[in-house]
Amino acid sequence: MNQPIKLSLEQEFSLRSFANQVQYMSLEQAQEFLLKLYEQMLIQETTYKELLKQEWEIDSGAFSG
């Protein structure tokens, strides 16, 4: 059975600190932030795919989602 990946203590602290900051965002700020975060996630995913493709010469179609 797979165990979930756990955050380090430093990551947990960072998450709690971030949660405190988000708590005081306006709706408009939160929406803008979420859009930027999603864009960064997509960029990260594309970067990982490209790195894997270059490293292992994997066809990008294998990762299409």
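A brief report on the enclosed structure follows. Owing to the predicted nature of the structure, the values given are computational and were not obtained by experimental measurement. (Residues numbered from 1 in each chain as written. Predicted model: local features only at pLDDT ≥ 70, side-chain atom pairs only at ≥ 80, totals over all residues. Heavy atoms only, no water.)

1. Thoughts on the overall build of the protein chain
On a plain count of helices and strands, the protein chain comes out with two helices and zero strands. Looking at the 65 residues of the protein chain, the share that counts as buried comes to 0%. Accessible surface for the protein chain amounts to roughly 6600 Å². Of this, 57% is attributable to carbon and sulfur atoms. (Helix = DSSP H or I, 4+ residues; strand = E, 2+ residues; numbered from the N terminus. Buried < 20%, exposed > 50% of the residue type's maximum accessible area, 1.4 Å probe, protein only. Areas by Shrake-Rupley, 256 points an atom, 1.4 Å probe, with all protein chains shown as cover.)

2. Observations concerning the environment of Gln11
Structurally, the position occupied by Gln11 is in helix 1 (residues 9-23). The partly exposed category is assigned to Gln11, whose relative accessible area is 42%. Reaching out from Gln11, the side chain makes a polar contact with the backbone nitrogen of Ser8 at a distance of 2.8 Å. (Polar contact = N/O pair within 3.5 Å; in protein donor to acceptor, adjacent residues only side chain to side chain.)

3. Re helix 2 (residues 27-56)
Look at helix 2: 43 Å from first C-alpha to last across 30 residues, which is about the 44 Å you get at 1.5 Å a residue. Positive phi appears at Glu57, one or two residues downstream of helix 2, with a value of about 50°. (Expected span 1.5 Å × (residues − 1).)

4. Quick notes on the packing of aromatic side chains
In the structure shown here, the tally under the stated rule is one aromatic pair. Where Phe18 meets Phe33, the ring centres are 5.3 Å apart and the plane angle is 40°; that geometry is what we call tilted. Taken together, the residues span a long stretch of sequence, with Phe18 in helix 1 and Phe33 in helix 2 at a distance of 15 residues. (Phe/Tyr/Trp six-rings, centres within 6.5 Å; stacked < 30°, edge-to-face > 60°.)

5. Let's talk about a nonpolar patch on the surface
On the surface, Leu34, Leu37, Tyr38, Met41 and Leu42 cluster together to form a nonpolar patch covering roughly 490 Å² of accessible area. Take Tyr38: it is sitting in helix 2. The exposure class assigned to Tyr38 is partly exposed, which follows from its relative accessible area of 49%. (Patch = residues over 30% accessible without salt bridge, like charges linked within 9 Å, V, L, I, M, F, W, Y side chains within 5 Å. Salt bridge = Lys/Arg side-chain N within 4 Å of Asp/Glu carboxyl O.)

6. What to know about the pattern of salt bridges
Side-chain pairing between opposite charges can occur once the charged atoms of the two side chains come close. On inspection of all chains with the given rule, the structure shows two salt bridges. For Glu32, the salt bridge is made with Lys36, and the minimal N-O distance between the two is 3.3 Å. Of this pair, Glu32 and Lys36 both sit in helix 2, four residues apart, which is roughly one turn of that helix. Across the salt bridge formed by Glu45 and Lys49, the nearest N and O atoms sit 3.2 Å from each other. With Glu45 and Lys49 both in helix 2, this residue pair falls four residues apart, about one helical turn. Residue classification places Glu45 among the partly exposed positions, given a relative accessible area of 38%.

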